[in-house]
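As a plain string of letters, each chain reads:
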Amino acid sequence: MGRDQWKAALRNPVGAVAAGLLVLLAILAIVAPIIWGDAAEETDPAALSQGSTSDHPLGTDALGRDILFRVLVATRYSLGLALLATAICVGAGLILGVLPAVLGRRAGRLVTATVNLAVAFPGLLLALFFAVVFGVGARGAVLAIGLAGAPSFARLVQTNVAAVSGRDFVAAARVAGVARFRLIARHLLPNIGEPLVVNATVLAGGALLAFAGLSFLGLGVQPPAYDWGRLLGEGLDRIYINPAAALAPGVAVVIAGLAFTLLGESIAQVVGVRAVRRRQPPAMPPAAAAAPAGTDAVLAAEDLRVAFPAPGGGWTHPVDGVSLTVRRGETVGVVGESGSGKSLTALAVAQLAPDTAHVTADRLEVAGVAPLGRTGAEVRELLGTKVAMVFQDPMTSFNPSMRIGAQLAEVTRVHERQGRKPALARAVDRLRTVRVPAPERRAHQYPHEFSGGMRQRAMVAMGLMSTPELIIADEPTTALDVTVQRQVLRLLKDVQAETGAAVVLISHDIAVVGQLCERVVVMYAGHVVEELPVGALGAAAHPYTRALLASVPDLATDRERPLATIPGRPPDPADRPEGCAFAPRCEFADDVCRTRPSLAAVGPDQRAACWHPRTQPLDLALDAVTGGQA
Amino acid sequence: MTAPVAAPLAPTRTRVSAWAGNPWAGFLARRLGRLLVSLAVLVTLAFGMIHLIPGDPVRASLGVTAPQDLVDARRAALGLDDPIGVQYLDYLRALFSGDLGVSMSSGVPVSETIGQRLPATASLAVAAFVVVMLVAIPLGLAMAVLTRGGRRRGGELGFTATSAVIAAIPEFLLAVGLVFVFGVSLGWLPVAGRGGASSYVLPVLALALGPALLMARMVRVEALAVLDQDFVRTARAKRLPPLRVYLRHVFPNALTSTLTIGGLLLSSMIVGTVLVENVFAWPGMGMTIVSSILAKDYPVVQGIVLVYGAAVLLVNLVVDVLLAVADPRSTIREG
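Every chain is numbered on its own, with residues counted from 1 as its sequence reads. Whichever chain is written first is A, and whichever ligand is written first is 1; the rest continue in order. Per-residue local features are limited, in this predicted model, to residues with pLDDT of at least 70; the limit for side-chain atom pairs, both in listing and counting, is 80 or more; totals at the level of whole chains, interfaces and linings are taken over all residues. The side-chain numbers reported here are obtained from all heavy atoms of the structure, hydrogens and water having been left aside.

Caption draft 1: Spotlight on the overall build of chain B. When its secondary structure is counted, chain B shows 14 helices and zero strands. Helix and strand definitions here come from DSSP, where helices need a minimum of 4 consecutive H or I residues and strands a minimum of 2 consecutive E residues; each element is numbered from the N-terminal end. The secondary structure elements of chain B, listed N-terminal to C-terminal, are α-α-α-α-α-α-α-α-α-α-α-α-α-α. Here the globule rule reads 2.2 Å times residues to the power 0.38, and the radius of gyration is calculated from C-alpha atoms. Relative to the globule expectation of 20 Å for 335 residues, the C-alpha radius of gyration of chain B, 26 Å, shows a markedly less compact shape. Based on the C-alpha atoms only, the size of chain B along its principal axes is roughly 90 × 85 × 35 Å. When contacts within chain B are restricted to residue pairs at least 6 apart in sequence, long-range pairs at least 24 apart make up 73% of them. Within the structure as shown, chain B displays about 15300 Å² of accessible surface, and the carbon and sulfur contribution to it stands at 69%. Counted charges follow a simple rule, with Lys and Arg positive, Asp and Glu negative, and His plus the chain ends left uncounted. Here the site of a charge means NZ on Lys, CZ on Arg, CG on Asp, or CD on Glu. Across chain B, the centroid of the 26 positively charged side chains sits 19 Å from that of the 18 negatively charged ones. Contacts between residues were defined by any pair of non-hydrogen atoms, one from each residue, lying within 4.5 Å. All accessible areas in this document rest on Shrake-Rupley with a 1.4 Å probe, and a residue is counted as covered only by the protein chains that are shown.

What follows is the structure, encoded as C-alpha cells:
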C-alpha cells in the first residue's frame, strides 16, 4: 500500500514536479559547493553592490561577491540545516507522542497535557523562545526549529497511536503479553508510518521556511557562513540597488519549500476520492405516450427519468420511465423496497433532485406548473409554497442553528413578504394545529430540543405555513417508533381532510400506505409495476405486490414460522436485467419475461406490468393491512 | 426564632444548585481554569528562560571585556544571586504590580517599551485579521456554491492550486515580493515605517494574503459538506432564494470550523508580525524582540515573550467561548 501510494503520488503531475525539483535540489546541494564554492567567496573590488551585468547575472553583494554563485552554493547549507531540524523535530515528536502509550496513566496524561499546551502556541514563538535559550547561531536555530515543531508532530503521533492501539491486532499483542517497547516498535509504529512520513515531508518544507525566517532575522546562520535566509536579509537592505539580490534567495526558498510541501500533499491526496464529473446524458428515445391525465391532476408525470453519471462512464437510471398521476385532494401511496427509486421520483417531481442528477420527462406538471427546462428562479417563483415536503429523517432535516419558529416563519416572510412578528404568530398557530404542546415556548427552541415525533410534526407545520396543493411525505414515519408513527399518520390524514391538499406518501411499508391512502403505486427497480385502489389490494396482480403484502405480519401470523420475506435483492440500477426486472426473484418467470412488460389494465382502476398477472384473491387478513382505513 | 435563620439560607441553596446545573457556568469555570494554568506555565517559562541560558547571561550581555565588578553589580541588581525560589517569588510579585524589569542595555523599564511598541503591532495584527475575515468568508462560500456537485472542475482546480501555492509562501517572502513590486518597481506605496493609511497596505497584505486563502479553502470545504445535508434540501424545498439559503442555512453551520481555523490563524498572525515588522521596519514589538535577542537584552525579551504568549492564550479563550455560543450542544458538554 505504502509503495503504491508513493508511486501514485509520482504519477500525479504535481507530485512528479515536486519530486523532480527535490532531486534537482539534492544534486545542486552536493555539486554546487564543489564547483562554485570558491567562486562564491571571491570578492571583486571592481564590482561592489552591482546590479545585473554580463559577468554577474544577478549582480554582486557589498563585497563584490557573485549573488548567483552564492545562492547556488547556499543550497547545501539551507537544505542540510532544514533536514537536521526536521530530524530533531521528528525524533522529539516521536518520543513525546509515544510516551503516553509507554508511561503509566498519570504520567502519560501529564505528557499529553504538556503537548496540548505547547501546541496552542505558534511555532515561531516557540522557536524564538528556544533561540534565546540555545543562543543565536546555526546550532541554536536548528535546535529551536526542531523543538518548536516537536509538539505538533507529537500530537499527530498521539492521534495515530490512539487510532491504531484500539485495533484488534494490538489488543491481541497486549493480551499475549508483548512488552511495551516491543509493542511500539513492532506493532504500533509500522502501522502509523505512512501518515508520519507524509507529514514529515511537509514538515521539512516548513522547517526550511522557518529556518530562512530565523536567518533572515539574523538569529540563524551567522557570517561568514550563509544560507538563503541570510542572503535574503542582506539583499533586502539593497533592494533598491539590486532587487535580484533579495529576490533570488527568496525564490529559492519558495521553490524548495513548495517542493517538500506539495510532494507531501500530493501523496496525501492520492488517497482521497475525486469528485464525479458533471456531464450531459444522451437523449432518451421517447417511450410510448401514456393516457393524458385529467385536468384535475395536481401532479402529472409521464415517462419521468432520473439519470446519474456512472463511475465508470455512462449513465445509470435509478428512475427509469415512471408515469404517475395524482388528482386534487387524492391520497396516493408509493411503495417499494429501498433502491426502487420512489424517493428519487418524489424529489425529481418537487425539483429537489441532487445537483448531479439529470431529470427528463415527456411531460411533468406539478400544481399547474411545468418546471422542466425552467431556471431555478422561475421554478421558485412559480411553485412557491404549492408543494410541501415532509422528509424521512426529522433529526437532520432541520437547520440545527436556527430556532424552529424562525424556520417556519421564514416561509411566510419570504413568500408573502410578511414581517417577523405576524410570521412568527402564524408559525405558533401552525404548531398548535399539528398539536405541538406549548407552541409559544416550543417556537423559541432549537431543533435538538425537540423529540423526533415533535420534529416531524413541526415539519408538517412548516408545509402548512401557506396552503399547499400537494404534500409529498417521503418515508415520514420510518425514523420514528411505532406509537409516534401512528400519530404522525393520523396528523397527515387530518391535515389532508382539512386543507384538501393531495398527499403522496412514500413508504417501504405497504401497511403504512394501506392505513392512509386511497390508491397504491408499487415501484420496483425504477419502474411502476402496479397501480391499484387500496380496497383492491387483496386482488393484487403483480407477484411483487403480492410478495410485499405477504411479508406484512398480522395478528394471525403463525409465530412459530419465520416471517415471510422476498428472496433475493433488488437489482443495482447500473446492472438491471433485460425485460422484467423482478423476473430473477419471481417464481412465475419464464422466457416471455425477458421482454419488459408495460402497464396494462388487469381490473377496474387496476393496472399491472406483468406477463403473468395473478388472478387468485390473496388469503390476507386485509384489516391488518388497511387497519386504520376501516 | 428559626424562621429568620432559615429564610436567608433557602435562596442561597437554590442559587448554588442553579449554578451547578448551568452548563455555562461549568464550561466557563473549566475554561478559565485552563487559561490560568496556561498563563502560569507561560510565566514560569519566561522566568526560566534566563536561567536556562548556558553560562552567565549578564556576562553574555555585557561582553567578555566588561569589568568583573560591573557584572557583579548588574547580577546583584537583577537579583540573580538570590536563591532561585526567592527570585521566582520576586518575579511574580513584580509582575503583578506591572513591573516587567528594566532593559539591560538602555535602562528603560520594559513595560514602558512594550507600551510604546504594542499599539503598532496590535493595529497591524487586527487590521490583517479583519482583512482575512472579509476576504475569506465570502470567497470560500462563493467557491463552494460555484463548485458544488463537481461543477466547474477547472475553476475548482485553479482555486485550490493557487491558494495552496500562495498560502505556502511565508509572510516575510511575500513581503519581500510586495516590496519589490509595489515599492521598488511601481513606487506606489511606502515600504518602510509606520505612517498614514498607505503605510499599512503592504504589511497588512503580506500578513493577510496567505491566511485569507487558507481560510477560504477551509470555508469552502466546510460549506460543501453543509450543502450536502438534509436541512439544506429542506430549505430548498421551502423555495427560498439561494442567497438566503447560503447565508441563513449554510454559513451558520459552517461557522464552527471557520472559527477554529480563524483563531489558529489569528494566533499565528500575531506572531507572524515579528517577521513582517522586520521587513517593513515597522516600529512594533517584533522589531524590538529581535534586536533585544541579538543584544542579549533578556528582560526585554522576557517581557515581549510574555505579551505574545498571553495574546495567543487570550485569542484561544475567546475562540472557545465563541464556539460554545455558536454550537451550544457540543462544546459545553465536551468541555
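On we go.
Caption draft 2: Broad picture of the environment of B:Arg194. Residue and element names in this part refer to chain B. The topology assignment puts Arg194 in the loop between helix H8 (171–185) and helix H9 (198–227). Considered as a pair, Arg194 and Ala120 are 74 residues apart in the sequence and their alpha carbons are 7.8 Å apart. In contact with Arg194, other than residues within four places in its own chain, are Pro119, Ala120, Ser123, Ser199, Tyr200, Trp282 and Pro283.

Caption draft 3: Region of interest: the sheet that holds strand E10 (residues 527–533) of chain A. All names here are of chain A. Pairing is mixed across the open sheet formed by eight strands, whose spatial order is E6-E7-E8-E3-E9-E10-E12-E11. The open sheet terminates on both sides in strands that have one partner only, identified here as strand E6 (387–390) and strand E11 (600–603). On average, adjacent strands in this sheet sit at an angle of 25° to one another, irrespective of strand direction. In this scheme, strands are said to pair when DSSP sees at least two bridges between them. Relative to strand E8 (residues 502–507), strand E7 (residues 470–474) runs parallel, the two sharing five bridges. From the neighbouring strand, Ile472 faces E8, where its bridge partner is Val504. Packing of helix H11 (residues 342–349) onto the sheet brings it into contact with strand E3 (331–335), E6, E7, E8 and strand E9 (519–524), and relative to E8 it is tilted by some 145°. All axes here are fitted lines through C-alpha atoms, helices being fitted over the stretch that makes contact, and every angle between N-to-C directions spans 0 to 180 degrees.

Caption draft 4: How the structure looks around the UniProt feature "transmembrane region" (unreviewed entry) in chain A. Residues and elements named next belong to chain A. UniProt positions are given in the numbering used here, feature names are shortened, and annotations may be inferred rather than shown by experiment. Within the UniProt annotation, "transmembrane region" (unreviewed entry) is assigned to residues 12–36, 79–103, 110–134, 196–219 and 239–264. When the span residues 196–219 is considered, its composition is 92% helix and 0% strand, and the gap between its end C-alpha atoms is 29 Å. Between the C-alpha atoms that bound residues 239–264 there is a distance of 33 Å. The span itself is 85% helix and 0% strand.

Caption draft 5: Examining H11(A) more closely. Residue and element names in this part refer to chain A. The cut-offs for exposure are 20% and 50% of the maximum accessible area for each residue type, with area from a 1.4 Å probe on protein chains only; residues under the lower value are buried, those over the upper are exposed, and the others partly exposed. For H11, the buried fraction is high: seven of the eight residues fall into the buried class. Taken together, the buried positions of H11 are Lys342, Leu344, Thr345, Ala346, Leu347, Ala348 and Val349. Gln351, located one to two residues past H11, shows a positive phi value of around 60°.

Caption draft 6: Highlighting the pattern of salt bridges. In what follows, salt bridge is the name for a side-chain nitrogen of Lys or Arg lying within 4 Å of a carboxyl oxygen of Asp or Glu. The full count for this structure, using the stated rule, is 25 salt bridges over all chains. A salt bridge links B:Lys238 to A:Glu410; the shortest N-O distance between them is 2.9 Å. With B:Lys238 in the loop between helix H10 (230–237) and helix H11 (242–279) and A:Glu410 in helix H13 (residues 404–415), this pair bridges two chains. Per residue, the accessibility class of B:Lys238 equals that of A:Glu410, and both read buried. One network of salt bridges, in which partners are shared, links A:Arg327, A:Glu330, A:Arg519, A:Glu531 and A:Arg607.

Caption draft 7: Inspection of the domain arrangement of chain A at higher detail. Boundaries between domains were set according to an automatic or database domain assignment. Here chain A is partitioned into domain 1 (3–271) and domain 2 (297–398 + 458–552 + 566–618). Using C-alpha coordinates to define each centre, domain 1 of chain A is positioned 59 Å away from domain 2 of chain A.

Caption draft 8: Seen up close, the interface of chain B and chain A. At the junction of the two partners, chain B supplies 61 residues and chain A supplies 64 residues. By definition, the buried area sums, over both parts, the 1.4 Å-probe accessible area that each loses when the two are put together. Taking both partners together, chain B and chain A bury about 5900 Å²; carbon and sulfur atoms supply 71% of that area. On the surface where chain B and chain A come into contact, there are two salt bridges. For the salt bridge of B:Arg244 with A:Glu410, the shortest nitrogen-to-oxygen distance reads 2.9 Å. Polar contact is defined as a pair of N or O atoms within 3.5 Å, subject to the rule that within protein one atom must be able to donate a hydrogen and the other to accept it, and that residues adjacent in sequence are counted only when both atoms are side-chain atoms. Taken together, the links from chain B to chain A amount to 14 residue pairs in polar contact (both at pLDDT 80 or more). Breaking the side of chain B that touches chain A down by element, the ones donating at least two residues are helix H2 (23–52), helix H7 (153–168), H8, H10, H11, helix H12 (285–294) and helix H13 (298–326) of chain B. The greatest single-element share of the side of chain B that touches chain A, amounting to 14 residues, is contributed by H11(B).

Caption draft 9: A look at the packing of aromatic side chains. Each Phe, Tyr or Trp ring, with Trp reduced to its six-membered ring, pairs with another whose centre is within 6.5 Å; inter-plane angles below 30 degrees give stacked pairs, above 60 give edge-to-face pairs, and intermediate values give tilted ones. What the rule picks out here adds up to 11 aromatic pairs over all chains. Relative to B:Trp188, the ring of B:Phe182 lies with its centre 6.1 Å away and its plane at 45°, an arrangement referred to as tilted. Assessed through its relative accessible area of 23%, B:Phe182 is described here as partly exposed. Put simply, the rings of A:Phe129, A:Phe130 and A:Phe134 pair up and form one aromatic cluster. Two thresholds decide whether a charge sits over a ring: the Lys NZ or Arg CZ must be within 6 Å of the ring centre and within 35 degrees of the ring normal. Seen from the ring of A:Phe588, A:Arg614 lies directly overhead, with NZ or CZ sitting 3.6 Å from the centre.

Caption draft 10: Quick look at the packing of helix H5 (residues 123–134) of chain A against H2(B). Packing of H5(A) against H2(B) leaves a shortest axis separation of 8 Å and a crossing angle of 30°. With respect to their mutual orientation, H5(A) and H2(B) come out roughly parallel. Of the two possible hands of crossing, H5(A) and H2(B) adopt the one that is right-handed. Taking contact as the criterion, the partners of A:Phe129, A:Val132 and A:Val133 in H5(A) are, on H2(B), B:Leu45, B:Met49 and B:Leu52. Note that the term roughly parallel is reserved for angles under 35 degrees, roughly antiparallel for angles over 145, roughly perpendicular for angles of 65 to 115, and oblique for everything else. Crossings are sorted by hand: turned counterclockwise from the far helix by less than a right angle, the near helix makes the crossing left-handed, and turned clockwise it makes it right-handed.

Caption draft 11: Local environment of helix H4 (residues 105–119) of chain A. A helix's residues, less one, multiplied by 1.5 Å, set its expected span. Helix length check: H4(A) (15 residues) gives 21 Å between terminal C-alpha atoms against 21 Å at 1.5 Å per residue, within 8%. A:Gly108, A:Val111, A:Val115 and A:Leu117 are the residues of H4(A) that are buried.

Caption draft 12: Summary view of empty space enclosed by the protein. A cavity, in this analysis, means grid points on a 1 Å lattice covering only the protein atoms where a 1.4 Å probe fits yet has no way out; a pocket is instead an open set bounded by protein on both sides within 12 Å along at least five of seven lines, and a residue lines either one if it has an atom within 4 Å of a point. Grid points are joined across faces, edges and corners, and a volume is the space filled by probe spheres set on the points. Per the stated rule, a full pass over the model turns up six cavities of 30 Å³ or more. For the largest cavity, the lining is made up of 14 residues, of which A:Ala388, A:Met462, A:Gly463, B:Ala237 and B:Lys238 are closest to its centre. Counting residues per element, the ones that place at least two in the lining of the largest cavity are E6 and helix H16 (452–463) of chain A together with H10 of chain B. Its residues assigned to classes, the lining of the largest cavity comprises eight nonpolar, five polar and one charged. Within this model, the second largest cavity holds a volume of roughly 60 Å³. Every residue lining the second largest cavity is listed: A:Pro543, A:Cys580, A:Ala583, A:Cys586, A:Ala589, A:Cys593, A:Pro597, A:Cys610, A:Trp611 and A:His612. Of the residues belonging to the lining of the second largest cavity, the class tally is nine nonpolar, one polar and no charged. Throughout this entry, Asp, Glu, Lys and Arg are counted as charged residues, while Ala, Val, Leu, Ile, Met, Phe, Trp, Tyr, Cys and Pro are counted as nonpolar. The remaining residues, Gly among them, count as polar.

Caption draft 13: Up close: the environment of A:Val520. For A:Val520, the position within the fold is in strand E9. Setting aside its immediate chain neighbours within four residues, A:Val520 contacts A:Gly333, A:Val335, A:Val513, A:Glu530, A:Glu531, A:Leu532, A:Val534 and A:Leu537.

Caption draft 14: Summary view of the confidence of the model for chain B. All names here are of chain B. On average, residues of chain B carry a pLDDT of 82, and 90% of them reach 70 or more. The predictor rates its confidence in each residue with pLDDT, a number between 0 and 100. Between residues 1–17, whose pLDDT stays under 50, and residues either more than four places distant or in other chains, the model counts zero contacts. Note that residues 331–335 has pLDDT below 50 and, in this model, 11 contacts with residues that lie over four places away or in other chains. Scoring the predicted complex yields pTM 0.76 and, for the interface, ipTM 0.82.

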